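# Commentary on secondary and tertiary structure
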Amino acid sequence: MIMHEITLDEYTAQCAEQPIRLGTEGSYGVEKLRVMRKGEWVDYDIIVAFHPPKGESVQIRLGSDNVVSVPAEATAVAGTGELTFAGYTDGVRQISVSRS
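So, here's what we can say about the structure. (Residues numbered from 1 in each chain as written. Predicted model: local features only at pLDDT ≥ 70, side-chain atom pairs only at ≥ 80, totals over all residues. Heavy atoms only, no water.)

### Overview of the nonpolar core
Our working rule: Here, nonpolar core refers to any group of buried Ala, Val, Leu, Ile, Met, Phe, Trp, Tyr and Cys residues whose side-chain atoms link them within 4.5 Å. Summary of the burial criterion: residues with accessible area below 20% of their type's maximum are buried, those above 50% are exposed, and those between are partly exposed, where the area comes from a 1.4 Å probe applied to protein chains only. In this description a helix means any DSSP run of H or I spanning at least four residues, a strand means any run of E spanning at least two, and both kinds are numbered starting from the N terminus. Residues count as neighbours in contact if any of their non-hydrogen atoms are within 4.5 Å of one another.
If you look at the biggest cluster of nonpolar residues, it comprises 16 residues, and the most contacted ones within it are Leu-33, Ile-46, Val-48, Phe-50 and Phe-85. Of all the elements in the fold, those that place two or more residues in this core are β1 (2-9), β3 (31-37) and β4 (45-51). With three residues, the single largest contributor to this core is β4. Leaving out residues up to four positions away in the same chain, Leu-33 has contacts with Met-3, His-4, Ile-6, Leu-22, Val-48, Phe-50, Asn-66, Val-67, Val-68, Val-70 and Leu-83.

### Focus: the environment of Asp-43
Examined against the element boundaries, Asp-43 turns out to sit in the loop between β3 and β4. The exposure class of Asp-43 is exposed, given its relative accessible area of 60%.

### Here's the deal with the pairing of strand β7 (residues 82-89)
It is a general feature of regular strands that their side chains alternate between the two faces of the sheet. Applied cut-off: Think of it this way: DSSP has to see at least two bridges between two strands before they count as a pair.
Relative to β7, β4 runs antiparallel, the two being bridged by seven bridges. Looking at the pairing, Phe-50 lines up with Leu-83 of β7. Judged from the four bridges that link them, β7 and strand β8 (residues 92-95) form a sheet pairing that is antiparallel. Bridging across to β8, Ala-86 finds its partner in Ile-95.

Dropping the structure here:
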(Lines give C-alpha, C1' and ligand atoms only; values in the text may rest on other atoms or scores of the structure.)
Protein backbone atom coordinates (compact mmCIF):
# COMPACT_ATOMS: atom_id res chain seq x y z
CA MET A 1 0.00 0.00 0.00
CA ILE A 2 1.29 3.46 -0.92
CA MET A 3 0.21 6.36 1.31
CA HIS A 4 0.31 10.00 0.12
CA GLU A 5 0.08 12.61 2.90
CA ILE A 6 -1.83 15.80 2.07
CA THR A 7 -2.15 18.77 4.43
CA LEU A 8 -5.24 20.98 4.23
CA ASP A 9 -4.61 24.50 5.52
CA GLU A 10 -6.75 27.52 4.64
CA TYR A 11 -7.47 27.17 0.88
CA THR A 12 -4.49 24.98 0.05
CA ALA A 13 -3.95 21.25 -0.22
CA GLN A 14 -0.22 20.61 0.05
CA CYS A 15 1.81 17.48 -0.50
CA ALA A 16 5.58 17.02 -0.43
CA GLU A 17 5.22 14.93 -3.59
CA GLN A 18 4.64 17.22 -6.60
CA PRO A 19 2.84 16.14 -8.66
CA ILE A 20 1.15 13.34 -6.75
CA ARG A 21 1.33 10.10 -8.72
CA LEU A 22 -1.76 8.02 -8.01
CA GLY A 23 -0.78 5.00 -10.07
CA THR A 24 -0.52 3.85 -13.63
CA GLU A 25 -3.33 3.65 -16.15
CA GLY A 26 -5.86 1.07 -15.05
CA SER A 27 -4.24 0.34 -11.67
CA TYR A 28 -6.28 0.61 -8.49
CA GLY A 29 -6.43 -0.53 -4.89
CA VAL A 30 -2.79 0.38 -4.21
CA GLU A 31 -2.82 4.11 -3.43
CA LYS A 32 -4.32 5.91 -0.43
CA LEU A 33 -4.45 9.52 0.71
CA ARG A 34 -3.97 10.51 4.36
CA VAL A 35 -5.37 13.98 5.03
CA MET A 36 -3.81 16.14 7.73
CA ARG A 37 -6.28 18.83 8.85
CA LYS A 38 -5.18 22.27 10.03
CA GLY A 39 -7.18 25.29 11.15
CA GLU A 40 -10.85 25.28 10.23
CA TRP A 41 -10.50 21.97 8.32
CA VAL A 42 -10.41 20.16 11.69
CA ASP A 43 -14.16 20.73 12.15
CA TYR A 44 -15.34 20.04 8.59
CA ASP A 45 -16.92 17.03 6.97
CA ILE A 46 -14.69 16.59 3.91
CA ILE A 47 -15.46 15.38 0.40
CA VAL A 48 -12.49 14.42 -1.80
CA ALA A 49 -13.17 14.86 -5.53
CA PHE A 50 -10.98 12.98 -7.98
CA HIS A 51 -11.09 14.60 -11.42
CA PRO A 52 -9.52 12.19 -13.96
CA PRO A 53 -8.10 13.46 -17.27
CA LYS A 54 -11.21 12.10 -19.04
CA GLY A 55 -14.57 11.06 -17.71
CA GLU A 56 -16.67 11.99 -14.72
CA SER A 57 -15.25 13.03 -11.38
CA VAL A 58 -15.65 10.74 -8.39
CA GLN A 59 -16.45 12.11 -4.94
CA ILE A 60 -15.68 10.22 -1.74
CA ARG A 61 -16.41 11.28 1.82
CA LEU A 62 -13.33 11.29 4.02
CA GLY A 63 -13.75 8.90 6.93
CA SER A 64 -13.00 9.54 10.59
CA ASP A 65 -9.53 7.98 10.13
CA ASN A 66 -8.72 10.75 7.58
CA VAL A 67 -7.70 8.16 4.97
CA VAL A 68 -9.31 7.58 1.59
CA SER A 69 -8.50 4.97 -1.06
CA VAL A 70 -7.90 6.25 -4.58
CA PRO A 71 -10.83 4.97 -6.66
CA ALA A 72 -10.32 2.96 -9.85
CA GLU A 73 -11.92 5.78 -11.88
CA ALA A 74 -9.07 8.14 -10.94
CA THR A 75 -6.49 6.00 -12.76
CA ALA A 76 -8.63 4.41 -15.47
CA VAL A 77 -7.19 6.73 -18.16
CA ALA A 78 -3.57 7.85 -18.51
CA GLY A 79 -2.87 11.54 -18.02
CA THR A 80 -2.98 14.28 -15.44
CA GLY A 81 -6.02 14.71 -13.24
CA GLU A 82 -6.81 16.91 -10.28
CA LEU A 83 -7.85 16.56 -6.63
CA THR A 84 -10.23 18.95 -4.91
CA PHE A 85 -11.18 18.99 -1.24
CA ALA A 86 -14.46 20.47 -0.02
CA GLY A 87 -15.14 21.05 3.67
CA TYR A 88 -18.67 21.43 5.03
CA THR A 89 -20.11 22.46 8.36
CA ASP A 90 -23.25 24.31 9.42
CA GLY A 91 -23.76 27.10 6.85
CA VAL A 92 -20.15 26.93 5.58
CA ARG A 93 -18.43 25.37 2.56
CA GLN A 94 -14.69 25.75 1.90
CA ILE A 95 -12.97 24.40 -1.22
CA SER A 96 -9.25 23.94 -1.82
CA VAL A 97 -7.77 25.74 -4.80
CA SER A 98 -5.66 24.19 -7.55
CA ARG A 99 -1.98 25.04 -7.80
CA SER A 100 -0.37 25.37 -11.19
